[in-house]
Amino acid sequence: MSSALLADLRARELVFQVAGEDELPAWLDGGSRTLYCGFDPTADSLHIGHLVPLLMLRRFQQAGHRPLALVGGATGLIGDPSFKDQERKLNTPEVVASWVDKIRGQVSRFIDFDAGANSAEVVNNLDWVAGLDVLAFLRDVGKHFSVNAMIQKESVKQRLDREGSGLSFTEFSYMILQSYDYAELNARYDCSLQIGGSDQWGNITGGIDLTRRMHGAKSFGLTVPLITKSDGTKFGKTESGAVWLDPARTSPYAFYQFWLNTADADVYRFLKYFTFLEVADIDELERADAERSGRPEAQLVLATEVTRLVHGEEGLAAAQRISASLFSGDLAALSETDFAQLKQDGLPSSTVERKALPATLTQMLTEAGMANSGKQVKDALGRNAVLVNGDALSWEDNGSPVEVFAEDRGRYGRYYLTQLGKKKHHLFELL
RNA sequence: GGAGGGGUUCCCGAGUGGCCAAAGGGAUCAGACUGUAAAUCUGACGCGAAAGCUUCGGUGGUUCGAAUCCACCUCCCUCCA
């Protein structure tokens, strides 16, 4: 069944590099194996860049293997230099510890802890690194590493070559720590496969080498490709920054919209990366979309699937509710409770007291987070791109929020669905 | 410790005394076109409704006037020890 897994992964183009390629299929077929993937706490939430490896763990689990999600309480204190172009700031132990907790919770959504023999587990490398003493570490672990080899690694090369940046010993040692994780997990859990992003290749092979040297054990590594976009821009970024998995940082609605806006040139590839739909079905969808003219259906499928995966049925329903009311243009159909529901569903909204209305619309919309500066609002007003409950405003209206948000212009006397441009919506409730 | 090079608006990167809120590119935002795409074209892009205000690592000087000159400090890079 595992050769089938590998075949499926390849069909999805999810396999970038493999260490131990010749033996891996047979090894996987030989029984339920333990594998791991590490997630360093560099923020209080994971983002969609982490999604592919996360889903990868799940794919392996579905194929009968046991996934370990390693949260890097120790490595997060050091900072991974791999392909970073500059040294990173160190976070305090307290902060990292709090992030570890959050990320442990997030990771847990994707793998099954109650699957009998191949139940997943979350581990924290701080558990075995914290007690390590320096001399023992240098003698027992450091001795296995050749600096000559380490500086040959592609992942640190640009930092060594590049003018204007350097590489501290702290970050340089990261690879050793992560390698030690692998060796440790191998000893503790018989874990013999590590997966990760392609930027982790150097760390993974380092771990394989160390595992062999310390324990004489054979282990494997597999990386997933870097997710690229056809237009060359970085995947996972929006105007407002990264797309997070934490609903408090990126609402299910915004999350859904992110996927909905996937370019045609990327969407079928992304369906293979980010969903559990069969490859054949995705190909079929692509064919169907190509035959039809107009908007393809793939984005809708992608947004639906991934939102459900990350935010559950409820999150998906909320995202769909908001999207439908905002983009189908049928505002008049919204009932009073619908408005309340939209607020609850995560449509950006704010409550303003009538007597506390700002003097200008630029101020008001900027404060609401619809624009970064008054200039942008001004620009939009000048182009009839600001609408309140469907009516376009002009620059002349800027000084008179009181009239714009007058009671008789509101829905049910208090709701003002405001849009700036086509995609930015904000619901003002005036009291 | 020594020698040299450098820190400019989100990023890259011009700018060596006034014409500089600071070239150019990228990113971003808005408009047209569309499918809530892509490509393309247009406009905006330090803050402010405006008057005006605040920027060029930091502090203090020189000067009518400084991102540009001087002093000190700080951070980074390269080479030497």
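None of these values were measured; they are calculated from a predicted model.

## Regarding the protein's contact with RNA strand B
Consideration 1: Close to RNA strand B lie 31 residues; Gln257, Leu260, Asp264, Lys422 and Lys423 are nearest.
Consideration 2: Of all atoms in RNA strand B that approach within 4 Å of the protein, 57% are sugar or phosphate atoms.
Consideration 3: Between a base nitrogen of RNA strand B and a side-chain N or O atom of Asp264, the distance comes to 2.6 Å.
Consideration 4: Separating a phosphate oxygen of RNA strand B from a side-chain N or O atom of Lys378 is a distance of 3.3 Å.
Consideration 5: Going through the elements one at a time, helix H13 (252-260), helix H16 (298-327) and helix H19 (374-382) are the ones with two or more residues in the surface near RNA strand B.
Consideration 6: In terms of residue count, H19 provides more of the surface near RNA strand B than any other element does, five residues in total.
Consideration 7: Taken together, the residues of the surface near RNA strand B break down into seven nonpolar, 13 polar and 11 charged.

## Section: the sheet that holds strand E9 (residues 349-352)
Consideration 1: Pairing is mixed across the open sheet formed by five strands, whose spatial order is E9-E13-E12-E10-E11. With partners counted over all chains shown, the strands left at the sheet margins are E9 and strand E11 (391-392), one partner each.
Consideration 2: Bridge count for strand E10 (residues 386-388) against E11 is two bridges, and the pairing is antiparallel. Within E11, the position partnered with Val388 by the bridge is Asp391.

## Description of the environment of Gln61
Consideration 1: By the element assignment, Gln61 lies in helix H3 (residues 51-62).
Consideration 2: On a C-alpha basis, the gap between Gln61 and Trp128 in space is 25 Å, while along the polypeptide they are 67 residues apart.
Consideration 3: Leaving out residues up to four positions away in the same chain, Gln61 has contacts with Pro67, Ile111, Asp112, Ala115, Asn118, Ser119 and Ala120.

## Topic: the UniProt feature "domain: Tyrosine--tRNA ligase SYY-like C-terminal" (unreviewed entry) in chain A
Consideration 1: As recorded in UniProt, the sites labelled "domain: Tyrosine--tRNA ligase SYY-like C-terminal" (unreviewed entry) are residues 339-427.
Consideration 2: Annotated as residues 339-427, this span is 30% helix and 21% strand, and its ends, taken at the C-alpha atoms, are 8 Å apart.

## Some details on unusual backbone geometry
Consideration 1: Positive phi outside glycine occurs at Glu13, with the angle close to 60°.
Consideration 2: Tracing the chain through its elements places Glu13 in the loop between helix H1 (2-11) and strand E1 (17-19).
Consideration 3: Even without being glycine, Tyr412 reaches a positive phi, approximately 55°.
Consideration 4: Note on placement: Tyr412 falls in the loop between helix H20 (401-404) and strand E12 (415-420).

## Re the sheet that holds strand E3 (residues 66-71)
Consideration 1: Read across the open sheet, the six strands follow the order E1-E6-E5-E2-E3-E4; overall the sheet is mixed. Of all strands in the sheet, those with a lone pairing partner are E1 and strand E4 (121-124), marking the two edges. Across this sheet, the average inter-strand angle for adjacent strands is 25°, counted without regard to direction.
Consideration 2: One ladder, built from six bridges, connects strand E2 (residues 34-39) with E3; its direction is parallel. What sits directly across from Gly38, in E3, is Leu70.
Consideration 3: Docked against the sheet, helix H11 (residues 174-189) engages E2, E3, E4, strand E5 (191-197) and strand E6 (220-224), running at close to 145° with respect to E5.

## Quick look at the packing of aromatic side chains
Consideration 1: This model, assessed by the stated rule, comprises 17 aromatic pairs.
Consideration 2: Note on Tyr273 and Phe274: the rings are 6.2 Å apart at their centroids and 85° apart in plane angle, and the pair reads as edge-to-face.
Consideration 3: Connected via pairs of aromatic rings, a cluster forms that spans Phe235, Phe255, Phe258, Trp259, Phe270, Tyr273 and Phe274.
Consideration 4: The ring of Phe276 has Arg59 sitting right over it, with the charged end atom 4.6 Å from the ring centre.
Consideration 5: We note Arg249 situated over the ring of Trp244; from NZ or CZ to the ring centre the distance is 4.1 Å.

## Observations regarding the side chain of Thr75
Consideration 1: Note that Thr75 resides in helix H4 (residues 75-78).
Consideration 2: When neighbours within four sequence positions are excluded, Thr75 is seen to be in contact with Asp40, Asn125, Tyr174, Leu177, Gln178 and Asp181.

## Notes on the pairing of strand E13 (residues 424-430)
In summary, the side chains of a regular strand alternate between the two faces of the sheet.
Consideration 1: Within E13, six of the seven residues are buried, leaving the element largely enclosed by the surrounding structure.
Consideration 2: Of the strand pairs in this sheet, E9 and E13 are connected by four bridges, and their pairing is parallel. The residue of E13 that forms the bridge with Ser349 is Leu427.
Consideration 3: Looking at chain direction, E12 and E13 are connected through six bridges and run antiparallel. Counted as the bridge partner of Tyr416 is Phe428 from E13.
Consideration 4: As consecutive antiparallel partners, E12 and E13 are separated by three residues, and within that stretch Gly421 has a phi angle of approximately 75°, a positive value.

## Remarks on the nonpolar core
Consideration 1: Membership of the largest hydrophobic core comes to 61 residues, with the highest contact counts inside it found for Leu51, Phe60, Leu222, Trp259 and Phe274.
Consideration 2: Counting residues per element, this core draws most heavily on H16, at eight residues.
Consideration 3: Residues within four places of Phe274 in sequence aside, it is in contact with Ile48, Leu51, Val52, Leu55, Arg59, Ile227, Phe235, Trp259, Leu302, Val306 and Leu309.
Consideration 4: In this structure, Val141, Tyr180, Tyr182 and Ile208 belong to the second largest nonpolar core, which totals 25 residues.

## So, the pattern of salt bridges
Consideration 1: If you walk through the whole model with that rule in mind, you get 20 salt bridges.
Consideration 2: Put simply, Arg66 and Glu121 hold a salt bridge, and the shortest N to O gap is 3.7 Å. Of this pair, Arg66 sits in strand E3 while Glu121 sits in strand E4; the two residues are 55 residues apart in sequence, bridging distant segments of the chain.
Consideration 3: For Arg66, a relative accessible area of 18% puts it in the buried group.
Consideration 4: Of the residues examined, Glu121 reaches a relative accessible area of 29% and is grouped as partly exposed.
Consideration 5: A salt bridge links Glu284 to Arg287; the nearest nitrogen and oxygen atoms lie 2.6 Å apart. Taken together, the residues span about one helical turn, with Glu284 and Arg287 both in helix H15 (residues 279-291) at a distance of three residues.
Consideration 6: Looking at Glu284, the relative accessible area reads 41%, which means it is partly exposed.

Analysis parameters
Residues numbered from 1 in each chain as written. Chains lettered and ligands numbered in written order. Predicted model: local features only at pLDDT ≥ 70, side-chain atom pairs only at ≥ 80, totals over all residues. Heavy atoms only, no water. Near = heavy atom within 4 Å. Polar contact = N/O pair within 3.5 Å; in protein donor to acceptor, adjacent residues only side chain to side chain. Helix = DSSP H or I, 4+ residues; strand = E, 2+ residues; numbered from the N terminus. Nonpolar A, V, L, I, M, F, W, Y, C, P; charged D, E, K, R; others polar. Pairing = 2+ DSSP bridges. Contact = heavy atoms within 4.5 Å. UniProt positions renumbered as here; feature names shortened; annotations may be inferred. Axes fitted to C-alpha atoms, helices over the stretch in contact; angles between N-to-C directions. Phe/Tyr/Trp six-rings, centres within 6.5 Å; stacked < 30°, edge-to-face > 60°. Lys NZ or Arg CZ within 6 Å of the ring centre and 35° of its normal. Buried < 20%, exposed > 50% of the residue type's maximum accessible area, 1.4 Å probe, protein only. Core = buried A, V, L, I, M, F, W, Y, C linked by side-chain atoms within 4.5 Å. Salt bridge = Lys/Arg side-chain N within 4 Å of Asp/Glu carboxyl O.

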